[in-house]
Amino acid sequence: MGNALSSQSVGAWLWHVCLFDRHVFSMAVDNNLYHATIGGSMRIAGLVLMAYQGAGMVGSLLGGMLYDRYGARRIIPIGAVGTAVFVFILPRIESIGIFAFILSLSGVCINVVFPIMYALVGDAWPEGGRKAFNLLYVSSNLGVALGAAIGGMLAQISFMYVFLANGLLYLAFLWIVLKRFPYPDRDSKALKEISSAGLAVGSGKRRWISLLVLCVGYLLCWMAYVQWQSNISTFMLTLDYPTALYSLLWTVNGLVILCAQPLITYVTKRWLVSLRSQLIAGVILFMLALLGLSQFHLPFAWMIVWMTLMTLGEILIWAAVPTAAAELAPPRQSGRYQGMVSFAATAGRMVGPVFGAIVVERGGAEGMLWVMSAILLIPIVHFACYHLFAKDMLHAHQPSQ
């Protein structure tokens, strides 16, 4: 097979990676961090987690640049080892200042790895198109589901076990990186031809403008999405919904992500063929979910309907954005482009809950839903025209579902 990688081999190691993805224990850590580790006020806890997200933004950009310069084989082990070391240290720290510092360092290391994974997918399986990034997206969500279940059980025994298991999983991930990854030869003539197949020689500046337009739209989508994880949960409590029903919504989210894959594949092959149409359709589904929630939130069946719409939009957007970035990226710059995508997502996750809370304080939860729906008009414009700045440098997109 030489330096070429089959879709089967790439798919195999992607499914290995899903079990050791950074998300596996993140939900359990987030849910228990306030009370089990920090022991301080909720405001301090929020500032610590914001610092963690900010460090993740730095890590995203750093990881992309390091991948382009040194490749994945050198950088991923550094990120994995650094993460494991910091995770082992965290539960033994009593000082809030030192805890915040070490947690931020772990955020850098974790997010160094994340854009590299996406860049590596694009370089290793360039003919995979949206399918390649969708597989990584589904794998990531499988990690979330496993993390919520396994991490929750370990936390009932001892919260220390959550950190210990997380560190051990990163060491296992390191073993896969060193022993099982089928790395593409970044210097081979074949890879250079594949990398440049869809891009004519042109201005890198215009490609960056296209990427920035794409990422701003992506950031705003994340700002709207995280309302479900933050302010909408509080909104449900004001409606006297028990916490168990809110958890059930995320069970629905996971089931839809897995079960709707055949439907999404059919729709993207038959109707939503272009990435732009997939992105715009995803944003419209986000808007319908938020607007519907603002008007119809009783009985609980309506909540399931809106969560389903939101999840379908998520499936479309979260896989299409890194695919679009991979199309825009010139040869040997895929890391920087995927780093920008990861940066935008992290920024949206950091800013979204704070912005939403401010709007809720001034206009109530329903006002926040209307405001976020209006903001989503901006991504529609961005996703509709991001390609225009580099249109003459892109070949006609032939999607691979």
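A brief report on the enclosed structure follows. (Residues numbered from 1 in each chain as written. Predicted model: local features only at pLDDT ≥ 70, side-chain atom pairs only at ≥ 80, totals over all residues. Heavy atoms only, no water.)

Right, let's get into the packing of aromatic side chains. Throughout the structure, instances matching the rule amount to 15 aromatic pairs. Seen in terms of ring centroids, Trp302 and Trp306 are 5.3 Å apart; in terms of plane orientation they differ by 15 degrees. Their pairing is stacked. Taken together, the residues span about one helical turn, with Trp302 and Trp306 both in helix α14 (residues 300-328) at a distance of four residues. Among the aromatic residues, those joined into a cluster by ring pairs are Tyr218, Trp222, Tyr225, Tyr246, Trp250, Phe286 and Trp318. (Phe/Tyr/Trp six-rings, centres within 6.5 Å; stacked < 30°, edge-to-face > 60°. Helix = DSSP H or I, 4+ residues; strand = E, 2+ residues; numbered from the N terminus.)

Among the nonpolar cores identified, the biggest contains 70 residues, and Leu211, Leu214, Tyr218, Trp228, Ile317 and Trp318 are the most heavily contacted of them. Of all the secondary structure elements, the ones that give two or more residues to this core are α6 (130-157), α9 (204-225), α10 (231-238), α11 (243-259), α12 (261-270), α13 (275-295), α14 and α15 (334-375). The element that contributes the greatest number of residues to this core is α14, accounting for 15 residues. Here Tyr218 is in contact with Ile317, Trp318, Val321, Val341, Ala344, Ala345 and Phe383, once residues within four sequence places are set aside. Listed in part, the 25 residues of the second largest apolar core include Phe114, Val121, Trp125 and Ala132. (Core = buried A, V, L, I, M, F, W, Y, C linked by side-chain atoms within 4.5 Å. Buried < 20%, exposed > 50% of the residue type's maximum accessible area, 1.4 Å probe, protein only. Contact = heavy atoms within 4.5 Å.)

A cluster of nonpolar side chains, namely Ile157, Tyr161, Leu164, Leu168 and Leu171, defines an oily patch on the protein surface of about 460 Å² accessible area. For the nonpolar patch, the element with the most residues is helix α7 (residues 159-179), which contributes four residues. Among the structural elements, Ile157 can be located in helix α6. (Patch = residues over 30% accessible without salt bridge, like charges linked within 9 Å, V, L, I, M, F, W, Y side chains within 5 Å. Areas by Shrake-Rupley, 256 points an atom, 1.4 Å probe, with all protein chains shown as cover. Salt bridge = Lys/Arg side-chain N within 4 Å of Asp/Glu carboxyl O.)

Right, let's get into the pattern of salt bridges. Per the counting criterion, the structure on display carries one salt bridge. Between Asp68 and Arg336 there is a salt bridge; the shortest N-O distance is 3.1 Å. Residue Asp68 is located in helix α3 (residues 42-70), and its partner Arg336 is located in helix α15; the two are separated by 268 residues in the primary sequence.

On to α11, then. In an α-helix there are 3.6 residues to a turn, and that puts residues three or four apart on one side. Given a rise of 1.5 Å per residue, 17 residues ought to cover 24 Å, and the 25 Å separating the end C-alpha atoms of α11 matches this to within 8%. For α11, the set of buried residues is Tyr246, Leu249, Trp250, Val252, Asn253, Val256 and Ile257. Each buried residue of α11 lies within a common arc of 145 degrees when the element is viewed along its axis, so the set occupies one face. Exposed side of α11, more than 90 degrees from the buried face: Ala244 and Cys259 are the residues found there. (Expected span 1.5 Å × (residues − 1). Arc of directions from axis to C-beta.)

Read these as geometric descriptors, not functional statements.
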